[in-house]
Each structure stands twice: as structure tokens, then as C-alpha cells.
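Topology and contacts: notes
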Amino acid sequence: MIGTIVNVITILVGTSIGVFVGSKIPSKTRTLITDALGLVTFVSGASACAALWNSNYVAKVGSGRPILITLGALLIGGILGSVFRIEERLDNVGEKLKRRFSNENDSNFVTGFVTASLIFVIGPMAILGSISDGLGNGNELLILKSIMDGFAAIAFAAALGWGVAGSAICVLIYQGAWSAVGAFLGSTLQEYQIDSITGVGGLLLIGIGLKLLNLRSIAIGDMLPALLIAPVLATSVALLM
């Protein structure tokens with residue numbers, strides 16, 4: 001859990017710096033920062049999607065099937081997320097934090113909390129780094145992720161305010177859970193299963209990028225169960241091969 005704790009600290013420090021600097025940055029510049037983050041998030045998502053064509057993944061489930069597995073995971077996950085109203089509940093958590101820690105004029109609080117939470121927990125580094133940390137194989141991946149998240153938190157907080165700090169709670173819970181998987185289940189997840197999660201996460205990141213760029217508002221929160229559905233579907237297909 002050391003890597004995750006470091007990650008939480010860098011997010012909190014980055015948010016504090018971003019809020020302090022953000023007050024001195026013109027609104028037009030803050031919008032530009034958000035656009036830049038949207039573009040980088042979009043590219044990061046596209047890069048993560050490359051996992052769908054990894055040779056080991058294709059060999060395990062068959063040619064062309066990673067795309068179908070991803071589609072199935074997004075559809076099933078999206079339906080489950082809608083039923084359990086995950087996006088709405090994330091918004092509600094943000095609203096509660098806003099009432100407790102922020103002033104009424106901070107309209108970006110919920111947006112900062114939800115957006116930063118999704119970006120900081122989605123991706124291969126969060127999963128692989130946390131599992132490695134839990135297995136006792138080192139926390140280098142999470143330290144690297146912490147540095148990246150710290151700089152991202154500065155930029156996000158400059159544009160969206162204190163809501164970004166709330167994402168540290170999600171990071172602690174999410175990465176802590178994956179560390180527990182590594183500690184208690186050992187190296188259960190195989191490479192192709194990680195690829196299935198990474199591919200789905202990449203598409204979710206692209207959706208976040210579209211939202212940050214004001215191109216399309218997608219209920220990414222409702223699709224989060226797809227990250228759990230993907231390895232289940234991939235395993236099922238691999239067993240049938």
C-alpha cells in the first residue's frame with residue numbers, strides 16, 4: 001500500500017498547488033489547460049487500446065475476438081452501471097463533499113471530483129502497479145504513476161478547483177483493492193486478462209477525453225463495471241478455445 005499512499009499524497013499536494021496557482025490564471029488559460037488535458041487523455045486512451053491487439057491476448061481468445069469481448073464488457077457493464085446508477089452516485093458523493101468542504105460558488109467541484117477520480121483510477125498502471133505492490137514485487141510503477149498524477153492534479157485543480165482532491169479517496173479505495181488482490185490471491189490474473197481490462201479502460205479514457213473537450217458527454221461512471229466484466233468474458237472465451 002506504500003505506492004498507493006504516495007499516490008494519494010501527490011494528488012493532494014498537486015491539488016493544493018493547482019488551486020493556489022489557479023487563482024492567478026485567467027479563465028481563458030484555465031480552459032486551455034483543460035483542453036490540453038483532454039487531448040492527452042484521448043491519446044493515453046488510444047495507447048491503452050493497443051492492448052486489444054497484443055499477441056498473447058489474440059492467441060488466447062482468437063483473432064478479432066478482443067474487440068467483441070470489449071463490446072460485450074461495455075454493454076453488460078453499462079447496463080449494470082445504469083441499474084446501480086453509478087454515475088449518479090458519483091455525482092452525489094461529489095455534491096456531499098462540496099457541501100462539506102467547499103463554498104456554494106464552486107460550481108466545478110463535482111466535475112473536478114468525478115473527472116479526476118475516473119482518470120486517476122482507470123488505466124493499466126493503476127492495476128498492474130497495485131498488484132505488484134500487493135505481491136511485494138516493488139512499487140516503482142505506482143511511484144511513476146504518482147508523479148504523473150501529481151502534475152495532472154495541478155493542471156486539473158487549476159481549472160476545476162478543490163474537487164480534484166476528493167479523487168484521492170477513490171484512488172485509495174480502488175488501488176487498495178487491487179493491492180489486496182495481489183496480496184491474497186497471488187499472481188492470479190494472467191497477461192491476457194490484464195490486456196482485456198486495459199483495452200476497456202482505454203476506451204473509457206477516450207470517452208473522458210471527449211467529455212473534457214466538450215465534444216460528447218458520456219456517462220463513463222456507469223460503464224466502470226466493464227473493467228470487471230472484461231476479464232470474465234476473456235477467460236470464458238479462452239476456455240472455449
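Residues numbered from 1 in each chain as written. Predicted model: local features only at pLDDT ≥ 70, side-chain atom pairs only at ≥ 80, totals over all residues. Heavy atoms only, no water.

**Here we look at the overall build of the protein**
A tally of regular secondary structure across the protein gives eleven helices and zero strands. Going from the N terminus to the C terminus, the protein shows its helices and strands as α-α-α-α-α-α-α-α-α-α-α. A total of 241 residues make up the protein; the buried ones form 48% of that total. In the protein, once contacts between residues fewer than 6 apart in sequence are set aside, the share between residues at least 24 apart is 81%. Approximately 11800 Å² of the protein is accessible, and the part contributed by carbon and sulfur atoms is 68%. (Helix = DSSP H or I, 4+ residues; strand = E, 2+ residues; numbered from the N terminus. Buried < 20%, exposed > 50% of the residue type's maximum accessible area, 1.4 Å probe, protein only. Contact = heavy atoms within 4.5 Å. Areas by Shrake-Rupley, 256 points an atom, 1.4 Å probe, with all protein chains shown as cover.)

**As for the nonpolar core**
By size, the foremost hydrophobic cluster in this structure holds 41 residues, and its most contacted members are Phe120, Ile127, Phe156, Val164, Tyr174, Val200 and Ile208. Contributions of two or more residues to this core are made by α1 (2-22), α4 (65-83), α6 (109-121), α7 (124-135), α8 (140-160), α9 (163-185), α10 (191-212) and α11 (226-240). If sequence neighbours within four positions are ignored, Val164 has contacts with Ile11, Thr15, Gly112, Phe113, Ala116, Phe120, Ala153, Phe156 and Ala157. Of all hydrophobic cores here, the second largest spans seven residues; its members include Leu52, Ile69, Ala234 and Ala238. (Core = buried A, V, L, I, M, F, W, Y, C linked by side-chain atoms within 4.5 Å.)

**Topic: the packing of α10 against α11**
To characterise two packed helices, one gives the angle between the axes of the helices and the distance between these axes. With their axes 8 Å apart at the nearest point, α10 and α11 run at an angle of 140° to one another. If you check the angle between α10 and α11, you find them oblique. For the pair α10 and α11, the crossing hand works out as right-handed. Counted together, Tyr192, Gln193, Ser196, Ile197, Val200, Gly201 and Leu204 of α10 and Ala226, Leu227, Ala230, Pro231, Ala234, Thr235 and Ala238 of α11 form the full contact between these two elements. Among the residues making up the contact of α10 with α11, the classes are represented as ten nonpolar, four polar and no charged. (Axes fitted to C-alpha atoms, helices over the stretch in contact; angles between N-to-C directions. Parallel < 35°, antiparallel > 145°, perpendicular 65-115°, else oblique. Left-handed = near helix turned anticlockwise from the far one by under 90°. Nonpolar A, V, L, I, M, F, W, Y, C, P; charged D, E, K, R; others polar.)

**Here's the deal with the pattern of salt bridges**
Following the criterion strictly, the structure yields three salt bridges and no others. In this structure, the salt-bridge partner of Glu88 is Arg85, at a minimum N-O distance of 3.2 Å. Close ionic contact of Glu87 with Lys211 constitutes a salt bridge, the shortest N to O distance being 3.6 Å. With Glu87 in helix α5 (residues 86-101) and Lys211 in helix α10, this residue pair connects regions lying 124 residues apart in the sequence. What makes Glu87 buried here is its relative accessible area of 12%. (Salt bridge = Lys/Arg side-chain N within 4 Å of Asp/Glu carboxyl O.)

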